[in-house]
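# Descriptive analysis of the structure
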Amino acid sequence: MTVMAKEREQWTGRVGFIFAAAGSAVGLGNIWRFPTAVGQNGGGAFVLTYLVIIFLIGIPVMIAELVVGRRTQRNVIGAFKVLVPGSVWVVIGVLGVAAGFIILSFYSVIAGWSVAYIFKFVAGHFYNISPGLVAREFEAMTSAPLQPLFWHGLFMAATIGVVLLGVARGIERWSKVLMPALVVLLVILAGRAITLEGAAEGIYWLLRPDFARLDLAIILGALGQVFFSLSLGMGAMLTYGSYLSRKEDIPGSAVYIALTDLAIAMLAALIIIPAVFAFGFDPQIGPPLIFITLPAVFSFMPLGWFFGILFFVLLSIAALTSAISLLEVVVAWFIDELGWRRPTASILAGLGIFLLGIPSSLSMGLWADVQVFGLTFLGLFDTMTTNFILPLGGLLLVLFVGWRWGTAKALGEIRQEGVAFTLGSVWAVLVRFVLPLALAYILVSSVIAAFTP
Ligand code: TRP
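Every chain is numbered independently, its residues counted from 1 as its sequence is written. Only residues with pLDDT of at least 70 are given local features in this predicted model, and only at 80 or more are side-chain atom pairs given and counted; all residues enter the totals for whole chains, interfaces and linings. Based on all heavy atoms of the structure, the side-chain values leave hydrogens and waters out of the count.

## Observations regarding the layout of surface pockets
A 1.4 Å probe that fits but cannot get out identifies a cavity on a 1 Å grid over protein atoms alone, an open set with protein on both sides within 12 Å along at least five of seven lines counts as a pocket, and a residue lines either if it has an atom within 4 Å of a point. Grid points are joined across faces, edges and corners, and a volume is the space filled by probe spheres set on the points. Empty space within the largest pocket amounts to approximately 1000 Å³. Lining the largest pocket are 31 residues, and of these Gln-40, Leu-375, Gly-379, Thr-383 and Asn-387 sit closest to its centre. Broken down by secondary-structure element, the contributors of at least two residues to the lining of the largest pocket are helix 2 (28–40), helix 10 (216–229), helix 16 (377–414) and helix 17 (424–451). Residue contributions to the lining of the largest pocket peak at eight residues, all from helix 16. Roughly 280 Å³ of internal volume is contained in the second largest pocket. If you trace the second largest pocket, you find 14 residues lining it, with Ile-59, Ile-63, Val-255, Phe-421 and Leu-423 closest to the centre. Here a strand is any run of E in DSSP of at least two residues, a helix any run of H or I of at least four, and the numbering for each starts at the N terminus. Those elements that provide at least two residues to the lining of the second largest pocket are helix 3 (44–72), helix 12 (250–279) and helix 17. Per element, the largest residue contribution to the lining of the second largest pocket is four residues, and it comes from helix 3. Residue polarity is assigned by list, with Asp, Glu, Lys and Arg as charged and Ala, Val, Leu, Ile, Met, Phe, Trp, Tyr, Cys and Pro as nonpolar; anything else, Gly included, falls into the polar class. Residue composition of the lining of the second largest pocket, by class: twelve nonpolar, two polar and no charged.

## What to know about helix 16
A rise of 1.5 Å per residue sets the reference length of helix 16, with its 38 residues, at 56 Å; its end C-alpha atoms lie only 41 Å apart and thus fall more than 12% short of the reference. In this scheme, the bend at a residue equals the angle between the axes fitted to the seven residues that finish there and the seven that begin there. Residue Trp-405 marks the point of greatest curvature in helix 16, where the axis turns by about 100°. With 28 of its 38 residues buried, helix 16 lies for the most part within the structure. To estimate how far a helix should extend, the number of its residues minus one is multiplied by 1.5 Å. Whether a residue is buried, partly exposed or exposed follows from its accessible area with a 1.4 Å probe, protein chains only, as a fraction of its type maximum: under 20%, in between, or over 50%, in that order.

## Here we look at empty space enclosed by the protein
Across all of its chains, the model carries two cavities of 30 Å³ or more by this definition. Estimates place the volume of the largest cavity at around 150 Å³. Along its surface, the largest cavity is lined by 20 residues, and Ser-24, Tyr-107, Phe-228, Ser-231 and Leu-326 are the ones closest to its centre. Those elements that provide at least two residues to the lining of the largest cavity are helix 1 (14–25), helix 2, helix 5 (91–122), helix 10 and helix 14 (304–338). Its boundaries defined by the atoms lining it, the second largest cavity holds a volume of some 40 Å³. If you trace the second largest cavity, you find it lined by Glu-65, Ile-92, Gly-233, Met-234, Gly-235, Leu-238, Gly-393 and Leu-397. Residue composition of the lining of the second largest cavity, grouped by class: four nonpolar, three polar and one charged.

## Remarks on the site of the ligand
Near the ligand, the surroundings consist of 18 residues, among which Ala-25, Gly-29, Tyr-107, Phe-228 and Ser-231 are the closest. Pairing of N or O atoms within 3.5 Å defines a polar contact, subject to two protein rules: one partner must be a possible hydrogen donor and the other a possible acceptor, and residues neighboring in sequence count only if both atoms are side-chain atoms. Interatomic distance of 3.3 Å between a backbone N/O atom of Ser-24 and a nitrogen atom of the ligand. Take Leu-28: an N or O atom from its main chain is 3.1 Å from an oxygen atom of the ligand. Think of it this way: if more than half of a molecule's atoms are within 2 Å of a pocket's grid points, that molecule is in the pocket or cavity. Judged by the fraction of its atoms near the pocket grid, the ligand is located in the largest cavity. Looking at the shell around the ligand, the elements that each hand over two or more residues are helix 1, helix 2, helix 5, helix 10 and helix 14. Only heavy atoms are used to decide nearness, and a residue is near a molecule or strand if one of them lies within 4 Å of it.

No statement about biological role is implied by the geometric values presented.
Right under this line is the structure:
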């Protein structure tokens, strides 16, 4: 029996694929992590760096991942075994599965907070509440030992449930409804936030780059954020590409996905940052930022409780469609390579991830003082994967596509059935020369900086 003989699910078509891949990309990365990173990295300079990196690095890497996935029709580890049997390149896949495990462990903790907020809005906890009281409510919730664990567990259970039922149809259907609804709601909220008194200062802070602030830390932060937000560097896009049919336009899809993701992140920042300034919060506070800013915005709106419920429902579903893609990478590997059945693989992997999330969950309360490299567990898991493992995965992938497999073969795979890729030679130069140098430079100098006091 050949490995390729296995029947594989496919997306229902181009639009279905784009929605599903955008569903993986759009999530907490856009609405929670992007505004948080903007806040911690000084506003406009970070936003501009982020934009440049999306086009120069994000889209080319996404094309590379999709192409390897579609060519091999395999999971992230199997793909390299098919293209270069017996070589060390499978390490890309191993890193990817490990990254998926770790990222989902803390991702699910944050998503749990979002689910908890749905119930808090329903129960009226945030009804006409002052900004200061929202912060206290958040602290009370996250510093309790068991309550956040419960929400984390609930979110993981939902993720396991969807992955257990199989990929294509479920993910597509969710994403097609969710994404447009989310965009409409974000536009309404941005309208409210930027007209708050004192919001203008936040808008300037967000959109006016202060080049004096531009340094290696900002570049590394923006690079990591691009990988995280576009679901790159660990094989999620590779796995989604493996369900893609031969006649789809990969570069065109990559551009759509990246622009959708960017638009949603910018909208989220346009809500959070002006509101932070209007309410006099500190933009640098980190992970809690959106959870204390948003309820305050809602309390300044007519029907705020209703918008609050709607928002956190949509955010939780957006997080779910992303979490699915993280778990799917791990599960696809168990199924394809170890021969496990889908239900066993989903449940056992999900359970392991739940357990690994416990330290992150406790890091806002009981274990807040346990720090490694000056970071809590949540911060450590996040920084380690987002800023280092994902860009490293991206670096290895472009080296693989550029030098081992070859951009000529990759371009041949892209240009089937009359798909035009006018910028193909530009892409090839980026993948072979520019990206390896840029990624290696940023990674190596950041590691050196981290270890020199
Ligand atoms: N991109 C998702 C978000 O922004 C998170 C995510 C899903 C992810 N799959 C990934 C991040 C793979 C890194 C790698 O919320």
